Amino acid sequence: MATTMSRTTYHLRGDSIESCSCNHGCNCQFGGFPNEGICEFVIGYDVTDGRVGDVDITGVRIVVAGKYPNALHEGNGHVVMFVDESASDEQVNAVLSVFSGQLGGMPWEALAPTIAKFEGPVRAHIDMEVSGKRSRVRVGRDIEVLTTPLLNPVTGAEQNVHIAYPDGGFFWNDGDIVTTETMRAKHGDLELEWPSRFAAIAPVAWSNAT
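A short tour of the structure in this document, coming up. (Residues numbered from 1 in each chain as written. Predicted model: local features only at pLDDT ≥ 70, side-chain atom pairs only at ≥ 80, totals over all residues. Heavy atoms only, no water.)

1. Examining the state of the cysteines
Tallying each qualifying case throughout the model produces zero disulfides. The closest cysteine sulfur to the non-disulfide-bonded cysteine 26 is located on cysteine 22, 3.7 Å from its own sulfur. (Disulfide = S-S within 2.5 Å.)

2. Some remarks on the packing of aromatic side chains
The full count for this structure, using the stated rule, is 10 aromatic pairs. When the ring of tyrosine 45 is compared with that of tryptophan 108, the centres are 6.3 Å apart and the planes differ by 80°; the resulting orientation is edge-to-face. Highlighted residues: tyrosine 45 in strand β2 (residues 39–52) and tryptophan 108 in helix α2 (residues 108–111), separated in sequence by 63 residues. We note that tyrosine 45, like tryptophan 108, is buried. A connected cluster of aromatic rings, assembled from ring pairs, spans Tyr45, Phe99, Trp108, Phe170, Phe171 and Trp206. (Phe/Tyr/Trp six-rings, centres within 6.5 Å; stacked < 30°, edge-to-face > 60°. Helix = DSSP H or I, 4+ residues; strand = E, 2+ residues; numbered from the N terminus. Buried < 20%, exposed > 50% of the residue type's maximum accessible area, 1.4 Å probe, protein only.)

3. Section: the side chain of arginine 197
With respect to the helices and strands, the residue arginine 197 is situated in the loop between β12 (190–193) and β13 (198–207). By relative accessible area, which is 18% here, arginine 197 ends up buried.

4. Quick notes on the nonpolar core
Ranked by internal contacts, the top residues of the largest apolar core, which has 40 residues, are Tyr45, Ile62, Phe99 and Trp108. Among residues more than four places away in sequence, those in contact with tyrosine 45 are Asp15, Ser16, Val60, Arg61, Ile62, Phe99, Trp108, Met128, Phe171, Val204 and Trp206. Listed in part, the 21 residues of the second largest apolar core include Ile17, Val137, Val178 and Ile201. (Core = buried A, V, L, I, M, F, W, Y, C linked by side-chain atoms within 4.5 Å. Contact = heavy atoms within 4.5 Å.)

5. Quick look at the environment of serine 86
Within the secondary structure layout, serine 86 lies in the loop between β5 (77–84) and α1 (89–99). Within the local environment of serine 86, its side chain forms a polar contact with the side chain of aspartate 84, the two groups lying 2.5 Å apart. (Polar contact = N/O pair within 3.5 Å; in protein donor to acceptor, adjacent residues only side chain to side chain.)

6. A short note on α1
In terms of burial, α1 is largely enclosed, as eight of its 11 residues are buried. Those residues of α1 lying buried are Gln91, Val92, Ala94, Val95, Leu96, Ser97, Val98 and Phe99. At the exit of α1 stands glycine 101, carrying a positive phi of roughly 80°.

7. Some thoughts on the environment of valine 137
With respect to the helices and strands, valine 137 occurs in strand β8 (residues 136–139). Along the sequence, valine 137 and methionine 81 sit 56 residues apart, while their C-alpha atoms lie 14 Å from each other. Leave out the neighbours within four places in its chain, and valine 137 touches Ile17, Gly44, Val63, Asp127, Met128, Ile143, Glu144 and Val145.

Structure representation (structure tokens):
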């Protein structure tokens, strides 16, 4: 996973739907350790502008599902990567080179050494709609994330909550914080389900340019 390849440059911008096993707020954002002591997640990415070397990856959709027995940085993760079936072989290989950390650049360069078991890229139909607080990701029948707004417990009004990193965050810089109506994944021996937990809708921008 962490083998360094020749320095092919890339840039990627897109929208992400991130969901995990943490409580609302996600202590990983503040203390570095997950609320439940474990980290289980499903994250969908819709690439709105991207290029890896000569390969245009604009329009490619990717879903990453994973389970860690402790915090991310403590390793031993099991991760499965899905790429939409409409992507070409060149696009799949290009996306894999980024998400496996082989081309360097944050956050995937740092995440690659934490993965003990990696599966993919699995070609599958990915249905993804980034629509504000009510967004969704589906991969076939076995992976689904539906987000919904946080509600004021007294008035029932929708809450507008953001987590922002003025100096730059790990995955994203400004996340619109929501919750999961549905959050589940099953692929082989990777299985998880965490409804009514932390989720964030956020733009991402990554590059290995120095």
